[in-house]
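# Coordinate analysis (summary)
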Amino acid sequence: MKVIVRNALSELGWNETFARALDKLCTPSAGQLIGRVKRIDRGWSTFLCVIVGDAPEEQQLRECRVRNIGADVAVGDWIMVADDLERIVVVIPRQSRLVRRASSDSLRFEAQTIAANIDVVFLVHGLDTPPNERRLERELVLAFDSGARPVVVLTKSDSVTATEVAETREIVTATSLGVPVHVVSSLTGDGLQVLRDYTRGGATIAVLGASGVGKSTLVNALTGTDSQPTGEIREGDKRGRHTTTAVDLVRLPKAGWLIDTPGVRAVSLWTSGHGIERAFADIFSLAEQCKFRDCKHETEPRCAVQAAITSGQIDTARLDSMARLVAEEAALEDEQKRGERNR
Ligand SMILES: Nc1nc2c(ncn2[C@@H]2O[C@H](COP(=O)(O)OP(=O)(O)OP(=O)(O)O)[C@@H](O)[C@H]2O)c(=O)[nH]1
Ligand SMILES: [Mg+2]
Ligand SMILES: [Zn+2]
């Protein structure tokens, strides 16, 4: 049966590419449900859906729950579900995915998909604490590897002076190379209109950042609701209290989707793409002028990167940070290869 669910599903972000992918995998039958995962709780996925076979005028978005044991699903995924809601029949291949390394010790080398089928990633940092360039670099690698567009959002502009905003913006802009940087306040509404432009055309935006930077407050400000719980930060170290505990897909009033995520302390890489090259494009482009192709930018003669450090063009901390990320990725690849061999 052809899926004639274009109207209601396109509101969810459904497009021709997903439709073709579904066509290749199976033929939906009447009564089955096609939808998008909103939230995942122990063993259950909550998803927004329409019923296959309903006439277009009867198509209504509804919220359902399905058991997801054994299915590899993430928030933002498109799924087809059996009519008895007992199982997920198909997870449609993802067009993009935000993946990090799972933090639990027993799962040391397991990937965790934070969000799927996203167009933009907001990397959120609070202006009330000093800029954390090293963290931002990691987040940029993750975002570039996801296949979505990174955008840096500096929140809480109301809590600092204009001079402080300018200083932080300068540091952050230098770290993020050509990535857009926006300054906003969710309390006063300052700068929010520019962020709304990213939701045009029904885009899906994942919101990523440390606990307490104001992700959920931003989501509420953009949706005009208080759907996401928010929490005070700790007085002493200004850290958040891990208020958001699960990833959640939230609808914007006109078009588009936001994915609120819980703040994580450490951003661990799970990469397979060109994230590091893109996040450190400045160093990679200098490296092309090093004398040796395999220059490690340590003590080699005629190293263009070391020359840039001497001239002050590049910070040693930035080069060290890149080296750490490259090593982390290499260790991960080794572990993955070992895992495959033992399988
Ligand atoms: N002054 C000011 N405070 C803000 C702003 N945005 C958020 N806050 C405050 O920052 C604190 C943390 O906000 P949350 O939105 O809960 O932070 P979060 O990033 O969602 O944190 P987790 O869910 O723990 O990851 C709350 O007390 C908010 O009121 C802002 O634009 N200005
Ligand atoms: Mg939150
Ligand atoms: Zn070099």
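Here we summarise the structure given alongside this text. (Residues numbered from 1 in each chain as written. Chains lettered and ligands numbered in written order. Predicted model: local features only at pLDDT ≥ 70, side-chain atom pairs only at ≥ 80, totals over all residues. Heavy atoms only, no water.)

### Considering the overall build of the protein chain
To be explicit about the condition: Each helix is a run of DSSP H or I of at least 4 residues and each strand a run of E of at least 2, with the numbering of both proceeding from the N terminus. Atoms considered for the radius of gyration are the C-alpha atoms alone. The globule rule reads 2.2 Å times the number of residues to the power 0.38. Categorising residues by exposure relies on relative accessible area from a 1.4 Å probe, with only protein chains included: less than 20% of the type maximum marks a residue as buried, more than 50% marks it as exposed, and the intermediate range marks it as partly exposed.
A count of helices and strands for the protein chain gives ten helices and 13 strands. In terms of overall dimensions, the protein chain is globule-like: its C-alpha atoms have a radius of gyration of 22 Å, near the 20 Å expected for 343 residues. Overall, the C-alpha framework of the protein chain stretches about 70 × 55 × 35 Å when taken along its three principal axes. Considering the protein chain as a whole, with its 343 residues, one finds that 48% of them fall into the buried category.

### Here we look at the coordination of the zinc ion (ligand 3)
What counts here: Water is absent from the atoms considered, so a metal site may look incomplete; donors are defined as N, O and S atoms within 2.8 Å of the metal, or 3.2 Å for Na, K and Ca. All geometry calls rest on donor angles, where a four-donor set with angles between 85 and 135 degrees is tetrahedral, four- and six-donor sets with opposite donors more than 155 degrees apart and all others between 65 and 115 are square planar and octahedral, and all else is irregular.
Looking at the metal site, the zinc ion (ligand 3) is ligated by Cys290 (SG), Cys295 (SG), His297 (ND1) and Cys303 (SG), spaced 2.1 to 2.4 Å from it. Coordination at the zinc ion (ligand 3) is tetrahedral, judged from the four donor atoms that bind it and the angles of 105 to 116 degrees they form at the metal. All donor residues of the zinc ion (ligand 3) come from one chain, and their arrangement in sequence is C-x4-C-x1-H-x5-C. For the residue pair His297 and Cys303, the accessibility class agrees, reading buried in each case.

### Some points on the pattern of salt bridges
The test is simple: Salt bridges are identified by distance alone: a Lys or Arg side-chain nitrogen within 4 Å of an Asp or Glu carboxyl oxygen.
Inspection of every chain in the model, using the stated rule, returns twelve salt bridges. A salt bridge links Arg39 to Asp41; its shortest N-O distance comes to 3.5 Å. Among the residues examined, Arg39 registers a relative accessible area of 27% and is labelled partly exposed. On the accessibility criterion, Asp41 (29% relative accessible area) is partly exposed. In this structure, the salt-bridge partner of Arg94 is Asp72, at a minimum N-O distance of 3.8 Å. Taken together, the residues Arg94 in the loop between strand 5 (88-91) and strand 6 (97-101) and Asp72 in the loop between strand 3 (62-67) and strand 4 (78-81) connect sequence positions 22 residues apart. Linked by salt bridges that have partners in common, Arg134, Glu137, Asp282 and Arg318 make up one network.

### Things to note about the packing of aromatic side chains
Stated precisely, the cut-off is as follows: For this analysis, a ring pair means two rings from Phe, Tyr or Trp (six-membered ring only for Trp) whose centres lie within 6.5 Å, classed as stacked if their planes differ by under 30 degrees, edge-to-face if by over 60, and tilted for the remaining angles.
This structure, assessed with the given rule, holds four aromatic pairs. Arranged with centres 4.9 Å apart and planes meeting at 65 degrees, the rings of Trp14 and Trp78 form a pair that is edge-to-face. In this pair, Trp14 sits in the loop between helix 1 (6-12) and helix 2 (16-25) while Trp78 sits in strand 4, placing the two residues 64 residues apart along the sequence. Here Trp78 falls in the buried class, since its relative accessible area comes to 0%. Ring plane angle 45 degrees and centroid distance 5.7 Å describe the contact between Phe18 and Trp78, whose orientation is recorded as tilted. Here the residue Phe18 occupies a position in helix 2, and Trp78 occupies one in strand 4, the gap between them amounting to 60 residues. Assigned by exposure class, Phe18 and Trp78 land together as buried.

### So, the coordination of the magnesium ion (ligand 2)
Those donors, Ser216 (OG) and Thr244 (OG1), are the protein atoms that reach the magnesium ion (ligand 2), and they lie 2.0 to 2.1 Å from it. With a gap of 28 residues between them, Ser216 in helix 6 (residues 215-223) and Thr244 in the loop between helix 6 and strand 12 (248-251) connect regions that are remote in the sequence.

### With respect to the site of ligand 1
Convention followed: If even one non-hydrogen atom of a residue comes within 4 Å of a molecule or strand, that residue is called near it. The term polar contact refers here to a pair of N or O atoms within 3.5 Å; inside protein, the definition further demands a hydrogen-donor-capable atom paired with an acceptor-capable atom, and it admits residues adjacent in sequence only when both atoms are side-chain atoms. Only the protein chains shown count as covering a residue, and every accessible area follows the Shrake-Rupley method with a 1.4 Å probe.
Among the 21 residues in the neighbourhood of ligand 1, the closest are listed as Asp158, Ser211, Lys215, Thr217 and Thr244. Separating an oxygen atom of ligand 1 from a backbone N or O atom of Ser216 is a distance of 3.0 Å. Taken by itself ligand 1 offers 650 Å² of open surface, and the protein chains cover 90% of this.

### Considerations on unusual backbone geometry
Excluding glycine, residues mostly have negative phi values, and the peptide bonds linking residues are mostly trans. One non-glycine residue, His297, lies in the positive phi region at around 60 degrees. Tracing the backbone shows His297 in the loop between helix 8 (281-287) and helix 9 (304-310). Phi is positive for Arg302, which is not a glycine, with a value near 50 degrees. Within the secondary structure, Arg302 is located in the loop between helix 8 and helix 9. For Arg302, a relative accessible area of 65% gives the class exposed.

### Let's talk about the environment of Asp84
With respect to the helices, strands and loops of the structure, Asp84 is situated in the loop between strand 4 and strand 5. Looking at Asp84, its side chain comes within polar contact range of the main-chain nitrogen of Glu86, at 3.0 Å.

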